[in-house]
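These are the residues of each chain, in order.
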Amino acid sequence: MIVSHQRMHCVGMMKSNMSRWRHVWKKVDHLILDSYTFGMQELEKSRYHENPLLWNDVATKFVHKVNGLLHSRHGNKIKELIIRFPLTSGHASNLDHWIESAIVASTEKLFLDLDNKCCKEGCTICVKGMNAASEPYDFLLGPFFNGRADSLDELTLFNCSIGTMPANIGGFSYLKSLLLARVSIVDETVSSIMSNCCALEIMVLQYCHLLVHLTASHARLQILVVQFCKSLVSICIRADNLESFAYMGYKINIECEHAQFLEMLHVYFVNKDDCPLDFISAFPKLPKLEFLVIQFPTCLQVYRVLQHASRLAGLTTVMLVLMKPWKEGISSVAYVLKSAPLIEYFGLHGCCKLHQHTQLNITWPEDLILARLYTIIIGGFSGEFELMELVYFLLRSTPALDVFEIDTRAMEPWLARSNEDKLQDDMRRRYAREMAYAHLVPKVPSTVKFHII
């Protein structure tokens, strides 16, 4: 009888806790719904084709839990709704219901991540394992008619599709930020969205492979990011108030009518034959450009810098990412800095490869003084000769230097996945730190805050 009473007491406690949590959920207006929230198995650790029964079972449980939670709220306001779970068109009716519930609850920020994190981009194994029910979810547009979604100001979508959008849809009128990643969407639909988003300030497009000729036309757009849309051929920018633009991918055609307010420009090219500085010259005059981040797939030649030097004159911050060793070509970095006499912050990230320490004949520009440069960050440092020589040159040319940091870590930690890769990277970093302490520390002025990571 004692055991029986103990069991009854435990059951009563559990029911009480569940009831209390249901009341707590009703009051929470920032909801993050994922495997972790519900204490469920994470599907991201396996692929659909490996165990479809497990996937379907766990997905069904997740859907049931979300339905129950949203139903218990009875339309209470939700400021932010984040749903992270690899669902597909097979769950369309439930996903439609959740979007409807978000609109009814006057949600301000809607984040829908249906991506399968276990797969790399374009994973053929998972594509072959798909069936009709595992196609990407087609995002529901119905709730956005007639201005019903006038509270929504941020929308983020991962791994779904957006079909043809009617020209008179009014539910996006107050949307300020839109991020689409791995979303099947065509040029015309993007244009339609932008024309209906009167308040749009931020647009991010990532891995949207159906885009070909993108037109970004909006009077209030301030930030535009386009990353790795592999079918993209051209971008036409008509945004008089654009302040920041980032592009990552292959070289494309750029048409920009006005850029008088552009302050920040990020250019990451992946093709070794493409020069990112050519991308900059595709813009009209850039009177306010101050912040420049460029990834170079191959060595930059000095003559290329000289061709575009006038575009760099107003820069105060320059960050360069080197994908390959530049060897003697490292002198081009000095010419970039010479073209930016107002520079205050300089960052460079090496290619994180351990190379044999060989002597190089590097010719630096003479009598260069970077009078306003006070912060230098060298990342991905591997102790290579060309970066050592670059550091020596910078120390000679920066009388106002205040902060100098050497960071041996790779930019992308996931590059070292296997134990063998990790051991090699640990060896590279150990060698890099030894070189920095032995050869750089004695040359750094005592007035400079110097750090080695």
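A few points on the structure. (Residues numbered from 1 in each chain as written. Predicted model: local features only at pLDDT ≥ 70, side-chain atom pairs only at ≥ 80, totals over all residues. Heavy atoms only, no water.)

### As for the packing of aromatic side chains
Scanning all chains against the criterion turns up 14 aromatic pairs. Measuring from ring centre to ring centre gives 5.7 Å for F38 and F62, while their planes differ by 75 degrees; the resulting arrangement is edge-to-face. Pair noted here: F38 is in the loop between strand 1 (30-33) and helix 2 (52-73) and F62 is in helix 2, with a separation of 24 residues, a long-range link. Residue F38 is classed as buried on the basis of its relative accessible area of 18%. Through pairs of rings, three or more aromatic residues link up here, namely F245, Y247, F269, F279 and F283. It is R84 that lies over the ring of F111; its NZ or CZ is 5.3 Å from the centre. Across from the ring centre of Y392, 5.3 Å away, lies the NZ or CZ of K443, which sits over that ring. (Phe/Tyr/Trp six-rings, centres within 6.5 Å; stacked < 30°, edge-to-face > 60°. Helix = DSSP H or I, 4+ residues; strand = E, 2+ residues; numbered from the N terminus. Buried < 20%, exposed > 50% of the residue type's maximum accessible area, 1.4 Å probe, protein only. Lys NZ or Arg CZ within 6 Å of the ring centre and 35° of its normal.)

### Describing the packing of helix 2 against helix 3 (residues 92-104)
Put simply, helix 2 and helix 3 touch, their axes get as near as 11 Å, and they point 25 degrees apart. Of the possible angle classes, the one that applies to helix 2 and helix 3 is roughly parallel. The crossing of helix 2 and helix 3 is left-handed. Contacts from F62, V63, V66, N67 and L70 of helix 2 reach helix 3 at N94, H97, W98 and S101. In terms of residue class, the contact of helix 2 with helix 3 is made up of 5 nonpolar, 4 polar and no charged. (Axes fitted to C-alpha atoms, helices over the stretch in contact; angles between N-to-C directions. Parallel < 35°, antiparallel > 145°, perpendicular 65-115°, else oblique. Left-handed = near helix turned anticlockwise from the far one by under 90°. Contact = heavy atoms within 4.5 Å. Nonpolar A, V, L, I, M, F, W, Y, C, P; charged D, E, K, R; others polar.)

### Notes on the sheet that holds strand 8 (residues 213-217)
Adjacent strands of a sheet form backbone hydrogen bonds with each other and so pair up, either parallel or antiparallel. The sheet built from 3 strands is open, its strands ordered 8-10-12 with parallel pairing. Single-partner strands in this sheet number two, and they are strand 8 and strand 12 (253-256). Each adjacent strand pair in this sheet contributes to an overall mean axis angle of 10 degrees, direction not counted. Note: strand 8 against strand 10 (residues 234-238), 5 bridges, orientation parallel. Opposite T215, over in strand 10, you have C236 as the bridge partner. (Pairing = 2+ DSSP bridges.)

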